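Here is how the chains run, residue by residue.
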Amino acid sequence: MGRIAYVNGRFVPHGEATVHIEDRGYQFADAVYEVWALFDGRLADPEGHLARLERSLSELSIAMPMSRAALTMVLKEAVRRNRVSEGLVYLQVSRGVAPRDHAFPNPPVRPATVITVSRVDRAASEAKAAKGVGVVTVAENRWGRCDIKTVGLLPNALAKQKARAAGAVEAWFVDDLGFVTEGSSSNAWIVDRDGRLRTRDTNANILRGVTRLTLLDVIRQNGLEVDERPFTPAEATAAKEAFITSASSFVLPVVSVDGKAVGEGKVGPVASRLRRLYIEQAKATAI
Ligand code: PDD
């Protein structure tokens, strides 16, 4: 069976799904997005992603295309029609289609909504997590509103390509003070020399990762402590462990930074445990 996409109120074959050339997402990256993981066909961290979507849209004065409840139904229907059990759901909402002009169309136009669903090979992801991955560092060069999940991802795409070219899986942006902000598509964490978990606070110019937020909850439920403060790449390699979090990678152990081993250069017990606990919690709360 072929893939089905949702475009502005219609389910259409993936290969025939198109948007207008004057969609402002296409012309100005004037659009936001969300990504949900699917466990057994159910949406992981549903409320966290919906809340962030509403916030991203509101920061850009784009209307929610429909109510939360209606959107949840459409997302679930998209999953059902694609018959995907383990995978990802991608939602994009742009300001809409209007003759090209930098300023917003006045009166506002209808936001354009696109949903796609893709299958993920979870066995391959588990194998990757069991081995751990490498990251490279790149200079932070993004705009000042990385808290808004916009599709303006060119710096992220260039950073990810650098990682790929170096045989790594993720790139960590490093700010002017030498601290890691976040990954090109994930949040960054370490288990420092003293065994304390550390991840950057969200007053910094980073995305407020939903997986990060759920994991903070899981960490506290398990009586562990976490410092929400930044670290440098040198602190990461001197740390016991490092890992990244995102809807697509969950908790993914990092074993090297710029080719230098993190700790002993092996997947550590804390990241492995947190991966398991995160997945348990996400499965239990998926809808
Ligand atoms: N990426 N930071 C950035 C820059 C991201 O793009 C993402 C998510 C995250 C982690 O956020 P969350 O835990 O809510 O997924 C952090 C998604 C998965 C993507 O671009 O595909």
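For every chain, the first residue of its written sequence is number 1, and the numbers climb from 1 along that sequence. Side-chain atom pairs in this predicted model are given and counted only at pLDDT of 80 or more, local residue features only at pLDDT of at least 70, and totals for whole chains, interfaces and linings cover all residues. To get the side-chain values, take all heavy atoms of the structure and skip hydrogens and water.

1. A word on the site of the ligand
Note the threshold: Residue proximity to a molecule or strand is established when one non-hydrogen atom of the residue lies within 4 Å of it. Here a polar contact is recorded for every N or O atom pair within 3.5 Å, except that within protein the pair must consist of a potential hydrogen donor and a potential acceptor, and residues adjacent in sequence are included only if both atoms are side-chain atoms. Residue exposure ignores everything except the shown protein chains as possible cover, and the areas themselves are Shrake-Rupley values with a 1.4 Å probe. For the purposes of this entry, the term helix denotes a DSSP run of H or I that reaches at least four residues, the term strand denotes a run of E that reaches at least two, and both are numbered from the N terminus. Residues are sorted three ways: Asp, Glu, Lys and Arg are charged, Ala, Val, Leu, Ile, Met, Phe, Trp, Tyr, Cys and Pro are nonpolar, and all the rest, Gly among them, are polar. Domain start and stop points were drawn from an automatic or database domain assignment.
Taken together, 20 residues surround the ligand, and among them Y33, E182, V210, T211 and A247 come closest. The contact in question runs from an oxygen atom of the ligand to an N or O atom on the side chain of Y33, over 2.8 Å. One of the backbone N or O atoms of A247 is found 2.8 Å from an oxygen atom in the ligand. For the ligand, whose accessible area on its own is 470 Å², the fraction buried by protein is 90%. For the shell around the ligand, the elements supplying multiple residues, two or more each, are β3 (31-39), α2 (46-59), β9 (180-183), α6 (210-221) and β13 (241-246). Classifying every residue of the shell around the ligand gives five nonpolar, 12 polar and three charged. Each of domain 1 (4-120) and domain 2 (125-285) contributes no fewer than three residues to the shell around the ligand.

2. Regarding the nonpolar core
Using the following cut-off: For this analysis, a nonpolar core means a set of buried residues of the types Ala, Val, Leu, Ile, Met, Phe, Trp, Tyr and Cys, connected via side-chain atoms within 4.5 Å. Using a 1.4 Å probe on the protein chains alone, a residue whose accessible area is under 20% of its type maximum counts as buried, one over 50% counts as exposed, and one in between counts as partly exposed.
Ranked by internal contacts, the top residues of the largest apolar core, which has 26 residues, are W189, L197, L215, I219, F243, L274 and Y278. Contributions of two or more residues to this core are made by β3, β10 (187-191), α6, β14 (250-257) and α8 (269-285). The element best represented in this core is α8, accounting for six residues. If you count residues domain by domain, this core takes at least three from each of domain 1 (4-120) and domain 2 (125-285). Of all hydrophobic cores here, the second largest spans 23 residues; its members include L50, I62, L71 and V89.

3. Quick word on the domain arrangement of the protein
Counted only if it meets this: Residues are treated as being in contact if the distance between any of their heavy atoms lies within 4.5 Å. Defined here as a combined quantity, buried area equals the accessible surface (1.4 Å probe) lost by two parts on assembly, summed across both. Here, a salt bridge means any Lys or Arg side-chain nitrogen found within 4 Å of an Asp or Glu carboxyl oxygen.
Segmenting the protein into domains produces domain 1 (4-120) and domain 2 (125-285). Computed over C-alpha atoms, the centres of domain 1 and domain 2 are 26 Å apart. At the interface, 24 residues of domain 1 touch 23 residues of domain 2. A combined buried area of about 1900 Å² lies between domain 1 and domain 2, and 61% of that area is made up of carbon and sulfur atoms. Across the contact surface, domain 1 and domain 2 share two salt bridges. Note that R55 is salt-bridged to D147, the shortest N-O span being 2.9 Å. In this structure, the connection of domain 1 to domain 2 is made through nine residue pairs in polar contact (both at pLDDT 80 or more).

4. Some points on the sheet that holds strand β4 (residues 42-43)
To be explicit about the condition: At least two DSSP bridges between two strands are needed for those strands to be called paired. Every angle, taken between N-to-C directions, lies between 0 and 180 degrees, and every axis is a line fitted to C-alpha atoms, over only the stretch in contact when it is a helix.
Taking strand neighbours across the sheet as the criterion, the six strands line up as β2-β1-β6-β5-β3-β4 in an open arrangement whose pairing is antiparallel. Lying at the two open borders of the sheet, with one neighbouring strand each, are β2 (10-13) and β4. Packing of helix α3 (residues 68-82) onto the sheet brings it into contact with β1 (4-7), β2, β3, β4, β5 (87-94) and β6 (112-119), and relative to β6 it is tilted by some 40 degrees.

5. Details of the pairing of β9
Where strand β8 (residues 170-174) meets β9, two bridges bridge the pair, whose relative direction is antiparallel. Looking at the pairing, V174 lines up with V180 of β9.

6. Structural notes on the side chain of D23
Quick reminder of the rule: The convention is simple: Lys and Arg are positive, Asp and Glu are negative, and His and the chain ends are not counted.
Along the polypeptide, D23 turns up in the loop between β2 and α1 (24-28). One buried charged side chain, D23, makes no salt bridge at all; its nearest oppositely charged neighbour is R24, positioned 7.8 Å away. In this structure, D23 is in contact with S94, G96, V97 and A112, ignoring residues within four places of it in sequence.

7. Looking at the packing of α6 against α8
Note the threshold: These descriptions rest on fixed angle ranges, namely under 35 degrees for roughly parallel, over 145 for roughly antiparallel, 65 to 115 for roughly perpendicular, and the rest for oblique.
As a packed pair, α6 and α8 sit with axes 10 Å apart at the nearest point and diverge in direction by 105 degrees. Accordingly, the angle class assigned to the pair α6 and α8 is roughly perpendicular. Of the residues in α8, those in contact with T211, T214, L215, D217, V218, I219 and Q221 of α6 are L274, L277, Y278 and Q281. Looking at side-chain class alone, the contact of α6 with α8 contains six nonpolar, four polar and one charged residues.

8. Here we look at the pairing of β10
Within β10, five of the five residues are buried, leaving the element largely enclosed by the surrounding structure. In β10, alternate side chains face the same way, and those of N187, W189 and V191 on one face and A188 and I190 on the other are all buried. Strand direction decides the pairing type here: β10 and β13, joined by five bridges, are antiparallel. If you follow A188 over to β13, its bridge partner there is I244. In this sheet, strand β11 (residues 197-199) lies alongside β10 in antiparallel orientation, the contact comprising three bridges. Across the sheet, V191 pairs through a bridge with L197, a residue of β11. Taking the residues that link successive antiparallel strands as the turn, the β10-β11 hairpin has five residues, and the phi of G195 there is positive, at about 85 degrees.

9. Concerning the environment of R145
Following the sequence through the fold, R145 ends up in the loop between β7 (133-139) and α5 (154-165). Along the sequence, R145 and A63 sit 82 residues apart, while their C-alpha atoms lie 19 Å from each other. Contacts of R145, omitting those with residues within four sequence positions, involve R55, E59 and N205.

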